[in-house]
Amino acid sequence: MNVADSELVASILSTNNFKISQDIDNSDIIIFNTCSVRQHAEDRVLGRINNEMSRKQSKKDLKIGVIGCMAQRLGNKLNEYNRNIDFVVGTDQYRNLPEIITNLFENPGFESETIVNNKEIYEDLYPIHSGKFNAFVTIMRGCNNFCSYCIVPYVRGRERSKAIDDILKEIKTIGEKGFKDITLLGQNVNSYNYEGVNFAELLRKVNKIDTIRRIRFITSHPKDLSDEVIKVMSNSEKVCEHLHLALQSGDDEVLKKMNRGYTAEHFYKIVQKLRKAIPEIAITTDVIAGFPGETEEQFQRTYDLMKKIKFDYAFTFKFSPREGTKASKFKDQIPEEIRLERLQKLIKLQEKITLKKYKDQIGKTKEIYVEKVSKKSEDELSGKSRDFKITVFKGDKSLIGDFVNVKITDATGWTLKGKILN
Ligand code: SF4
């Protein structure tokens, strides 16, 4: 979402006579787009902001600004934290950036704009896509779910969906520009609803756009992933065989306390339905270790469910209390060392499962969208399979941007190796 928002901001600025620079040393304005989802993300960006401030000594007119979720969450407090920050602009106020920055060059000082606008969907703006082959397309913004640990609804406001015609037009144009793989984006794409058109219908329509070849979407909420969406996924040739579905916990009581709106059994049933409808599907997930009050038995249930489901990959995190959320106020916080210990157990388990999942691909032939020369060798190319696995193989650079069939010959925990067949 932040990558997509950075692309949106780049578009807003460049259509207002600003030039996007690739060289920080020669930039007159530095903008940090920030994440608030965990404390670690905020700490890191605060460190980065402090590091860049020394540039102001040699370039007095340099403006440094903060946008995104942390800007929305902290607002003026950021200026108290670092007096040299020039502007702070929240997630719904990006249209005002050109004016705010221009004013600052005329009247130096501090500007902050963090008013929530639950209607802002940036509908008439087209992001400048930073990649060459894969493009993000924001279909909705905000979230109504209020999972008890999550800061997103507070910093990104209520759910609103982009007009279907705008989305279809944007995707068609993206495809004409050469992007063949698009990812529909939203905090909860399954609750997309524009004047009665739901997510399944949107997927059906996107599948008909002839300028693109692959469709992905993130993020899906398990409580909203309908049978209709699963059916459309299995019937639509362009929808890739990959789904990211956040489990968070395998214990019903913890899930209730998280306000997730589903049970472990319900989640497991969705996975079964998905695998039945789309046998080649890769399922990835997010899991939190050490949520407040999580007992050893409850943690074990999460561990056991992960073992039973066997995700292709899992993003595992230790619980990070976010100020202002319900879970940060729970009295039964789990000590840091236990959170870490549980996290390590989940990582170890998933590493084994992922390796096995990748080894299971050996012998299969996969369609790979060739993206670049591999980092490790000039003779090798790297690209992604439909089920979102990075695949490396020998090949000529002229194939970059093409789709090739690759026979998988080897696998590590993260990467497939193979041989081009055509
Ligand atoms: S669904 Fe829950 S975890 Fe996801 S953004 Fe909304 S509140 Fe956060």
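Residues numbered from 1 in each chain as written. Predicted model: local features only at pLDDT ≥ 70, side-chain atom pairs only at ≥ 80, totals over all residues. Heavy atoms only, no water.

Caption draft 1: Fine view of the site of the ligand. Around the ligand sit C143, N145, F146, C147, Y149, C150, V152, P153, Q187, H221 and R260, and that is every residue in its neighbourhood. A per-class count over the shell around the ligand returns 7 nonpolar, 3 polar and 1 charged. (Near = heavy atom within 4 Å. Nonpolar A, V, L, I, M, F, W, Y, C, P; charged D, E, K, R; others polar.)

Caption draft 2: Region of interest: the packing of helix α1 (residues 2-14) against helix α6 (residues 97-106). Axis separation between α1 and α6 bottoms out at 9 Å; the angle between their running directions is 60°. Regarding the angle of α1 to α6, the classification is oblique. Between α1 and α6 lies a crossing whose hand is right-handed. Here V9, I12 and L13 of α1 come into contact with α6, specifically with L97, P98 and I101. For the contact of α1 with α6, the per-class residue count stands at 6 nonpolar, no polar and no charged. (Axes fitted to C-alpha atoms, helices over the stretch in contact; angles between N-to-C directions. Helix = DSSP H or I, 4+ residues; strand = E, 2+ residues; numbered from the N terminus. Parallel < 35°, antiparallel > 145°, perpendicular 65-115°, else oblique. Left-handed = near helix turned anticlockwise from the far one by under 90°. Contact = heavy atoms within 4.5 Å.)

Caption draft 3: Representation of the side chain of T354 within the structure. Here T354 lies in helix α15 (residues 336-359). Judged by its relative accessible area of 3%, T354 falls in the buried class. (Buried < 20%, exposed > 50% of the residue type's maximum accessible area, 1.4 Å probe, protein only.)

Caption draft 4: Structural view of the sheet that holds strand β12 (residues 242-244). Sheet architecture is open: 3 strands sit in the order β12-β13-β14, paired in parallel fashion. Every interior strand has two partners, whereas the edge strands, β12 and β14 (313-318), have only one. Neighbour-to-neighbour, the strand axes of the sheet open up by a mean angle of 15°, direction not taken into account. As paired elements, β12 and strand β13 (residues 282-289) share 3 bridges and run parallel to each other. Along β13, the bridge assignment pairs L243 with I283. Docked against the sheet, α15 engages β13 and β14, running at close to 175° with respect to β14. (Pairing = 2+ DSSP bridges.)

Caption draft 5: Region of interest: the sheet that holds strand β4 (residues 111-113). Strand order in the open sheet formed by 4 strands is β1-β2-β3-β4, with parallel pairing between adjacent strands. In this open sheet, the two strands that pair with only one neighbour each are β1 (29-34) and β4. With direction set aside, neighbouring strand axes in the sheet form an average angle of 15°. Of the strands in this sheet, β1, β2 (63-68), β3 (87-89) and β4 are in contact with α6, which crosses β3 at around 170°.

Caption draft 6: Focus on the nonpolar core. In terms of nonpolar packing, the biggest core is built from 66 residues, with L184, F199, L203, M233 and L274 touching the most fellow members. Not counting the four nearest positions on each side in its chain, L203 is found in contact with L184, I215, F217, V229, V232, M233 and V239. (Core = buried A, V, L, I, M, F, W, Y, C linked by side-chain atoms within 4.5 Å.)

Caption draft 7: Spotlight on the packing of aromatic side chains. For the structure on display, the rule yields 13 aromatic pairs. When the centroid spacing of 5.8 Å and the interplanar angle of 15° are considered together, the rings of Y94 and Y122 count as stacked. Here Y122 lies in the loop between β4 and β5 (134-138) and Y94 lies in the loop between β3 and α6, a separation of 28 residues in the sequence. Residues Y94 and Y122 agree in their burial class; the two are buried. Ring centres of Y313 and W414 lie 4.9 Å apart, and the angle between their planes is 50°; on these two criteria the pair is classed as tilted. (Phe/Tyr/Trp six-rings, centres within 6.5 Å; stacked < 30°, edge-to-face > 60°.)

Caption draft 8: Fine view of unusual backbone geometry. Note that the residue after I218, namely T219, is joined by a cis bond; omega there is 0°. Structurally, T219 is set in the loop between β11 (214-218) and α10 (227-235). At F146, a residue that is not glycine, the phi angle is positive and equals roughly 50°. With a phi close to 70°, Q248 is a non-glycine residue in the positive phi region. Among the structural elements, Q248 can be located in the loop between β12 and α11 (252-257). Given a relative accessible area of 7%, Q248 falls into the buried group.

Caption draft 9: Focus on the domain arrangement of the protein chain. With domains assigned, the protein chain is organised as domain 1 (2-113), domain 2 (134-359) and domain 3 (365-420). Contact with domain 2, which involves 22 residues of that partner, is made by 18 residues of domain 3. Each partner contributes to the roughly 1,700 Å² buried at the junction of domain 2 and domain 3, and carbon and sulfur atoms together form 49% of this total. In terms of surface lost to domain 3, no three residues of domain 2 exceed R213, R214 and Y358, which account for 42% of the buried area on that side. Scanning the region where domain 2 abuts domain 3 turns up 5 salt bridges. A salt bridge links K389 to D312; its shortest N-O distance comes to 2.8 Å. (Domains from an automatic or database assignment. Buried area = accessible area lost by both parts, 1.4 Å probe. Salt bridge = Lys/Arg side-chain N within 4 Å of Asp/Glu carboxyl O.)

Caption draft 10: Up close: the environment of V370. Its place among the elements puts V370 in strand β15 (residues 365-373). The class of V370 is buried, set by a relative accessible area of 0%. When neighbours within four sequence positions are excluded, V370 is seen to be in contact with F133, L381, S382, G383, F393, L399, I400, G401, D402 and V404.

Caption draft 11: How the structure looks around the packing of helix α9 (residues 199-207) against α10. In the contact formed by α9 and α10, the axes pass within 8 Å of each other and the chain directions differ by 15°. Here α10 runs roughly parallel to α9, going by the angle between their axes. Relative to α10, α9 is oriented so that their crossing is left-handed. Here α9 contributes F199, A200, L203 and R204 to the contact with α10, which in turn contributes E228, V229, V232 and M233. Residue classes in the contact of α9 with α10 are distributed as 6 nonpolar, no polar and 2 charged.

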